[in-house]
Every structure is written in C-alpha cells, then in structure tokens.
Amino acid sequence: MTRSKEPRAFDPFSKREKRTRRVLSVQSHVIHGYVGNKAATFPLQYRGWDVDGLNTVQFSNHPGYGRFTGFRSQPNEIYEIMQKGLLEGLQMEYDAILTGYLPSVESLQITAKVVGALCRREPHINWILDPVLGDNGKLYVAEENVPAYKQILRENDVYVVTPNQFEMETLSGVKIDSLQSLRLSFELFHEAYPRVEKIVVTSLEFPSSADIGEQYIYCACFDTHPASNAMSYFKIHKLDAQFSGSGDLFNALLLDCIVPAQKEDAAALPTVLRKVLLLVDKILRRTLELSVAEDAPSQQSRVIKDLKLIQCAELLHPDRRFEDFEAAARITESILD
Ligand SMILES: Nc1ncnc2c1ncn2[C@@H]1O[C@H](COP(=O)(O)OP(=O)(O)O)[C@@H](O)[C@H]1O
Ligand SMILES: Cc1ncc(COP(=O)(O)O)c(C=O)c1O
C-alpha cells in the first residue's frame, strides 16, 4: 500500500514556528575531496539544514584516484551511533534521512532496519534512499546487496529512491535502452515496490542519445502520489567530462528542494527535479572550467576528481533564482503519458 503523503514542508509537529530543517545523512566520508557526505554536507548546510553526518567509511580520498587508505564502519558501530546514540540517547528528531553508500550488506541491513522502523513510527520523516549498487553495467558492491535492496524497498516506506540507469535495470528487471523501456521499468518498479512513493532515475544514456555530435544525459521521474502513469523526463547536454560526487550532490539538492523550508515552496516532482538539474548543471560547468584552468593535462582525459563546491558557494545560495541558470543549461522537459 502506498503511503499517502503530501509534498511536505518540514516538521509539521514542531512547537517552534521555524525550526531549522534537520537531516541524518548516512554516507561515505573522504578526508580529501567531495563525494558522499563531503558532497552533501556543505550544500545542505548552506541551504539551511542542520546536517548530522554519519560516516559509513572514512577514506583518505575516493577510489577513483586509483589508491586510497582508510577504514569502513562496522555494522554494530553504525547501529550504536544511530540507534543508541542519536535516537535513544539524544532522542533526535529528523525531518529527513538520506542513505547512500554502505560498505557491506550487514551495514546496509542494519541501517535500513533502524531507519525503516523510525519512518514507521514517525511517518513525517522523509527517507531519501540511493540504492548504491554500481554504474555502467557493473556492480561495485557485493552481489548480495541486490536482494538486500529489493527486500528493503519492498518492506519500507521510502519517500524517494534515486537509482541510476544500471541500478534501475537491476531493481526493476528491465533493460533500459529507450524511453519506452524506461517507462516500463517505472511501472514494474512500482508494482514490485509499491511502498516507494517517488522514483527518480538520476542519469540515463540511450544508444540514440547522440544527435549531430552532441551527447545527452536523461533524467526521469515517476510519482505514485498523486497517482499518475505519467513519466517526466529531462534531456540534458552532456559535458565532455566525468565527475565524481555528482550523484551525491544531486541527491542532497533533491532532498533540499523536495523537503522545502516553507510549505508554500512545496512543488510537484518534475518542478523540483528541473530546479535540481539546473543547479547541478551550473555547478558541474563551473567545476569543469576551474579544473581545466588549474590543470591543463586534465583537459585531455576530462576525469574530474573533485567537485569545486566551495567555489560554487554563491550558486548554492538559497535566494539565488534558478531561472538565471536556464539559458546556459538548455534542459528540455517532456512527459510520456
Ligand atoms: N558529464 C555530465 N554532463 C552533464 N551533467 C552531468 C554529467 N555527469 C553527471 N551529470 C549530472 O549529474 C546528475 C547525476 O548524475 P550521475 O553522477 O551520473 O549520477 P549517479 O551517480 O546516480 O550515476 C545527472 O542527472 C546530471 O544532471
Ligand atoms: C565511497 C564513495 N562514495 C561516493 C562516491 C561518489 O559517487 P557519485 O560519483 O556517483 O556521486 C564515490 C565515487 O568514487 C565513492 O568512491
């Protein structure tokens, strides 16, 4: 049964008129660079959130560098911090929980158990779940994470799930190579996991997505509440570069826009997604410009290891008008009924 929930502003039960929105973000941590919690925390804080970051790993840098050192949190450590320390000890109240990379199936299961029970007790909490499994046709976590995520999605009230193309294919069982198969994947996903309220496929590429030398990325969404069979999708000019942390930044900004501070700012999912895509596009463009200016050789490989989040602070300012980003991005929006 789908949980009926309005697009909500935060904290309907707060006694205080305007409490700062508060999120528990369960993701990886890198000392150097910006992926996982390091990609999510600054944007969320700057846009008005108190961020409680629970680090599922602590690495010197992300693995895309080729080498790194560090360690993974153990499932019992995650449990101790979240359940015993934050929920029972401090009796923390959250408006949202964001879950991303978890280093083992046991840590995934224990996290989902705690967050799932919390969301059942307090249905106003918005769980944004990134089912981190892999990318570009390859798993980069243990295979047993696949059935674990399937079970978690079947059994829990997840507000938004944010798979990429490979993760959507794995979870829905549909090979996505066209808009029609994408649409079918949304329908089968919804059938298999009816308690998940909103589905956003963060990035897709189709064999036909190169037009006259231009490459495109697609991003698509499907909202089961209000129920509609319509899929909205966006066509985005692909930048000639590969970024680490863009998906984590995307999730953080999606959370910010879908759980707005003011009720009046609540909007339909496609409207929210458009805002997020415009902002991500602007940040990636600036990151690319600054990276190329700093380091000429990267111009060839265009592998951008670190987002330039601090240099994008002014773009992230909550009063910044998204319409200002419109011209450069040329993101087109369509609906498939
Ligand atoms: N090369 C790129 N050019 C333009 N936008 C990009 C590029 N890479 C990522 N993005 C943006 O970042 C968002 C998240 O994409 P990505 O990092 O591929 O997601 P995921 O980590 O979930 O696979 C996309 O929706 C797109 O807006
Ligand atoms: C541990 C860890 N978390 C998060 C990320 C970032 O993932 P994405 O680029 O999909 O945002 C990476 C990428 O290398 C990573 O290694």
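Residues numbered from 1 in each chain as written. Chains lettered and ligands numbered in written order. Predicted model: local features only at pLDDT ≥ 70, side-chain atom pairs only at ≥ 80, totals over all residues. Heavy atoms only, no water.

- As annotated in an unreviewed UniProt entry, the protein is pyridoxal kinase from Torulaspora globosa.
- The UniProt entry for the protein carries the following text under Sequence similarities (unreviewed entry): "Belongs to the pyridoxine kinase family." (UniProt positions renumbered as here; feature names shortened; annotations may be inferred.)

### Let's talk about the environment of E155
At step 1: With respect to the helices and strands, the residue E155 is situated in helix α4 (residues 145–155).
At step 2: Residues E155 and Y34, spaced 121 residues apart in sequence, show a C-alpha to C-alpha distance of 32 Å.
At step 3: Discounting residues that sit within four places of it in the chain, E155 has contacts with R120 and R195. (Helix = DSSP H or I, 4+ residues; strand = E, 2+ residues; numbered from the N terminus. Contact = heavy atoms within 4.5 Å.)

### Quick word on the site of ligand 1
At step 1: Residues in close proximity to ligand 1 total 17 residues, the closest being T202, L239, A241, S246 and G247.
At step 2: Between ligand 1 and the protein, one listed contact pairs an oxygen atom with a backbone N or O atom of T202 at 2.6 Å.
At step 3: Contact between ligand 1 and A241: a nitrogen atom at 3.0 Å from a main-chain N or O atom of the residue.
At step 4: In isolation ligand 1 exposes 550 Å². Once the protein is present, 87% of that is buried.
At step 5: Looking at the shell around ligand 1, the elements that each hand over two or more residues are β9 (198–204), β12 (231–237), α7 (246–258) and α8 (269–294).
At step 6: Looking at the shell around ligand 1, its residues break down into 9 nonpolar, 6 polar and 2 charged. (Near = heavy atom within 4 Å. Polar contact = N/O pair within 3.5 Å; in protein donor to acceptor, adjacent residues only side chain to side chain. Areas by Shrake-Rupley, 256 points an atom, 1.4 Å probe, with all protein chains shown as cover. Nonpolar A, V, L, I, M, F, W, Y, C, P; charged D, E, K, R; others polar.)

### Regarding the nonpolar core
If you look at soluble globular proteins, the nonpolar side chains tend to sit buried side by side.
At step 1: Core analysis: the largest hydrophobic core is formed by 50 residues, its most contacted members being L153, L182, F186 and F189.
At step 2: By residue number, the principal contributor to this core is helix α3 (residues 105–121), which donates 7 residues.
At step 3: Not counting residues up to four positions away in its chain, the partners in contact with L153 are L129, V158, V161, L171, F189, Y193 and V196.
At step 4: In terms of nonpolar packing, the next biggest core, distinct from the first, is built from 48 residues, V23, V200, L255 and F322 among them. (Core = buried A, V, L, I, M, F, W, Y, C linked by side-chain atoms within 4.5 Å. Buried < 20%, exposed > 50% of the residue type's maximum accessible area, 1.4 Å probe, protein only.)

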